[in-house]
Amino acid sequence: MKTPLIALTLLALASCAGKQAQAPAEPTLKDYFADDFLIGAALNMDLINGLDPKADSIVRLHFNSIVAENCMKSQEIHPEEGRYYWAAADSFVDYGVKNDMAIIGHTLIWHSQLAPWFPVDSTGAKVSPDVLKERMRDHITTIMTRYKGKIKGWDVVNEAIEDDGSYRKTPFYEILGEEYIPLAFQYAHEADPDAELYINDYSMNKPAKRDVYVKLVNDMKAKGLRIDAIGMQGHMGMDYPDFTDFEKSIEAYASTGCNVMITEWDMSALPTVSRSANISDSVVYNTLFNPYPDGLPADLSDHWNARMDSVTNILLRHSDVISRVTAWGTHDGMSWKNDFPMKGRVEYPLLFDRDYRLKPFMARRLNQQ
Ligand code: G3I
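Residues numbered from 1 in each chain as written. Predicted model: local features only at pLDDT ≥ 70, side-chain atom pairs only at ≥ 80, totals over all residues. Heavy atoms only, no water.

Undergrad: Just to check I follow, could you spell out the pattern of salt bridges for this structure?
TA: When charged atoms on two side chains of opposite charge get close, those side chains can pair. Applying the stated criterion across every chain yields a total of 20 salt bridges. Residues Glu-247 and Arg-317 are paired through a salt bridge, measuring 2.9 Å at the closest nitrogen-oxygen approach. Remark: Arg-317 occurs in helix 13 (residues 298–317) and Glu-247 occurs in helix 11 (residues 243–254); sequence separation between them is 70 residues. By relative accessible area, Glu-247 is classed as buried at 16%. Assessed through its relative accessible area of 52%, Arg-317 is described here as exposed. Across the pair Arg-345 and Glu-347 runs a salt bridge whose closest N-O atoms are separated by 3.9 Å. Take Arg-345: its relative accessible area is 5%, and that puts it in the buried class. On the basis of relative accessible area, Glu-347 is assigned to the buried category, the value being 0%. (Salt bridge = Lys/Arg side-chain N within 4 Å of Asp/Glu carboxyl O. Helix = DSSP H or I, 4+ residues; strand = E, 2+ residues; numbered from the N terminus. Buried < 20%, exposed > 50% of the residue type's maximum accessible area, 1.4 Å probe, protein only.)

Have a look at this one:
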């Protein structure tokens, strides 16, 4: 049930009783979803460091949860064995504490942006299982101990399973096998018994992937390991995911007894492309890869908003099991998708546009409360 805007307005006015009447409170995302789930955004260092003040204002007004886009990944926070770089992650956590937000740590064990030293010895050869276990335990324990009591929950393991349901052949898997995943969760729980622990991946709507994660999570729970939520990253496009599969996945993950989180929500507005095209060909580049550098045509924008509205309806339908929805960025200008699959691409995937305006599908919802 939405908190009616009139109630918010009267509350705002009542709280100003006797004082100069103030303008009614601006409807916000966190008020709109207050009875449903935490609403969050991924923060980059420009925003955290005050270089994007309009985005900072949006985050503080609209969101009650934040996640580190990059600064807590192993190559950033633990660039050499035993040497940690805390400044960026400390700034991120301080931002969340200062603004009384639910702070999410991303991500402890991930094959991408992995510190180069992590899985190898000085000769470049893979380390032994025992050495890797100790390195994982030290990495997880050192980081989680530093932020104990401040970080609500952690993406403990990220992107462990391929779309076909096979285990991704990461260095962690190659050295420790499937056991690296429960081990990571064991180490994380030992490091901070009060922290929520999540497993996170993309394309979580795919049936083969979904079945493996349901089994994996059930097995870990059967072993008595703590796992609080399954993170569906929620990177979408105009032709994916299949919304029926997406909704079935929410239900399947919830059947484990875990919460479900949409952890990295965005939706490409451009045609889905792959790197296989010859992007050095400027015609290919401009037509296929970067068709709308100066803004979306109205019909495509309307279609994008309609799809995002449909996803929002699905999330609200399952708000009983969804505990957090996080956008992977604040406004279109800061999205990773502007450079994916190659630099210079102009994308339109987030809840706020380049002029820091809330996209129409959501603005309509907030103003109709
Ligand atoms: O910080 C350096 C900068 O010093 C350097 O000048 C610049 C040169 O290009 O690179 C900067 O690092 C970049 C980093 O983002 C910070 O901007 C890396 O090259 C770039 O690879 C990195 O991309 C991040 C990507 O993960 C890496 O895989 C994206 O910002 C980030 O949004 C994206 O997020 C991931 C999630 O963590 C996991 N799920 C998928 C999602 C999208 O790929």
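Undergrad: Got a minute to help me understand the packing of helix 10 (residues 207–222) against helix 11 in this structure?
TA: A pair of packed helices can be characterised by two numbers: the angle between their axes and the separation between those axes. Helix 11 packs onto helix 10 with a crossing angle of 5 degrees between their chain directions and a minimal axis gap of 10 Å. Classified by the interaxial angle, the pair formed by helix 10 and helix 11 is roughly parallel. Here Pro-207, Lys-209, Arg-210, Tyr-213 and Val-214 of helix 10 come into contact with helix 11, specifically with Asp-245, Lys-248, Ser-249, Ala-252 and Tyr-253. For the contact of helix 10 with helix 11, a count of residues per class yields five nonpolar, one polar and four charged. (Axes fitted to C-alpha atoms, helices over the stretch in contact; angles between N-to-C directions. Parallel < 35°, antiparallel > 145°, perpendicular 65-115°, else oblique. Contact = heavy atoms within 4.5 Å. Nonpolar A, V, L, I, M, F, W, Y, C, P; charged D, E, K, R; others polar.)

Undergrad: Please explain the pairing of strand 5 (residues 196–201) as it appears in this structure.
TA: In regular strands, side chains alternate between the two faces of the sheet. Counted residue by residue, strand 5 has six buried out of six residues, so it is predominantly covered. Of the two faces of strand 5, the one carrying Glu-196, Tyr-198 and Asn-200 and the one carrying Leu-197, Ile-199 and Asp-201 are both buried. As paired elements, strand 4 (residues 153–158) and strand 5 share five bridges and run parallel to each other. The residue of strand 5 that forms the bridge with Asn-158 is Asn-200. In the sheet, strand 5 pairs with strand 6 (residues 229–232) via four bridges, with the strands oriented parallel. Its bridge partner lying in strand 6, Ile-199 is registered against Ile-230. In this region the chain leaves strand 5, passes through helix 10 and returns to the parallel neighbour strand 6; the handedness of that crossover is right-handed. (Pairing = 2+ DSSP bridges. Right-handed = clockwise from strand over helix to strand, strands pointing away.)

Undergrad: Got a minute to help me understand the packing of aromatic side chains in this structure?
TA: Aromatic ring pairs are defined here through the distance separating the ring centres and the angle between the ring planes. Applying the stated criterion across every chain yields a total of eleven aromatic pairs. An angle of 65 degrees between the planes, with centres 6.4 Å apart, marks the rings of Phe-63 and Phe-352 as edge-to-face. Taken together, the positions of Phe-63 in the loop between helix 4 (53–62) and strand 2 (65–68) and Phe-352 in the loop between strand 9 (322–327) and helix 14 (360–367) put the pair 289 residues apart, joining distant regions of the chain. Centre to centre, the rings of Trp-86 and Tyr-147 are 6.0 Å apart; their planes meet at 80 degrees, and the pair counts as edge-to-face. Linking Trp-86 in the loop between helix 5 (74–77) and helix 6 (87–98) with Tyr-147 in the loop between helix 7 (129–146) and strand 4, this pair joins segments that are 61 residues apart in sequence. You can call Trp-86 buried: its relative accessible area is 17%. (Phe/Tyr/Trp six-rings, centres within 6.5 Å; stacked < 30°, edge-to-face > 60°.)

Undergrad: Would you take a moment to explain helix 6 for this structure?
TA: Because each turn of an α-helix spans 3.6 residues, side chains separated by three or four positions in sequence point in the same direction. In this model helix 6 runs 16 Å from its N-terminal to its C-terminal C-alpha over twelve residues, within 8% of the 16 Å that 1.5 Å per residue would give. Asp-100, located one to two residues past helix 6, shows a positive phi value of around 55 degrees. (Expected span 1.5 Å × (residues − 1).)

Undergrad: Got a minute to help me understand the site of the ligand in this structure?
TA: Around the ligand sit 15 residues in total, of which Glu-69, Lys-73, His-106, Glu-264 and Trp-328 are the nearest. Lys-73 is positioned with one of its side-chain polar atoms (N or O) 2.6 Å from an oxygen atom of the ligand. Glu-264 is positioned with one of its side-chain polar atoms (N or O) 2.7 Å from a nitrogen atom of the ligand. Protein burial of the ligand: of its 790 Å² of free accessible surface, 51% is covered by the chains. Among the residues making up the shell around the ligand, the classes are represented as three nonpolar, seven polar and five charged. (Near = heavy atom within 4 Å. Polar contact = N/O pair within 3.5 Å; in protein donor to acceptor, adjacent residues only side chain to side chain. Areas by Shrake-Rupley, 256 points an atom, 1.4 Å probe, with all protein chains shown as cover.)

Undergrad: Sorry, what's going on with the pairing of strand 1 (residues 38–43) here?
TA: In terms of burial, strand 1 is largely enclosed, as five of its six residues are buried. Bridge analysis of strand 1 against strand 9 gives four bridges, and the strand direction is parallel. By the bridge assignment, Leu-38 is partnered in strand 9 with Arg-324.

Undergrad: It is not clear to me how the environment of His-303 should be interpreted in this structure. Could you clarify?
TA: Looking at where His-303 falls in the secondary structure, it is placed in helix 13. Separated by 65 residues in the primary sequence, His-303 and Met-238 have C-alpha atoms spaced 8.3 Å apart.

Undergrad: Whenever I open this one, unusual backbone geometry confuses me. Can you help?
TA: Across the chain, the bulk of peptide bonds are trans and the bulk of non-glycine residues have phi less than zero. Of note, the bond from His-106 into Thr-107 is cis; its omega dihedral lies within 30 degrees of zero at -5 degrees. By secondary structure assignment, the location of Thr-107 is in strand 3 (residues 102–109). In this structure, the amide linkage connecting Tyr-240 to the following residue, Pro-241, adopts the cis form with an omega of 0 degrees. Note that Pro-241 resides in the loop between strand 7 (235–236) and helix 11.

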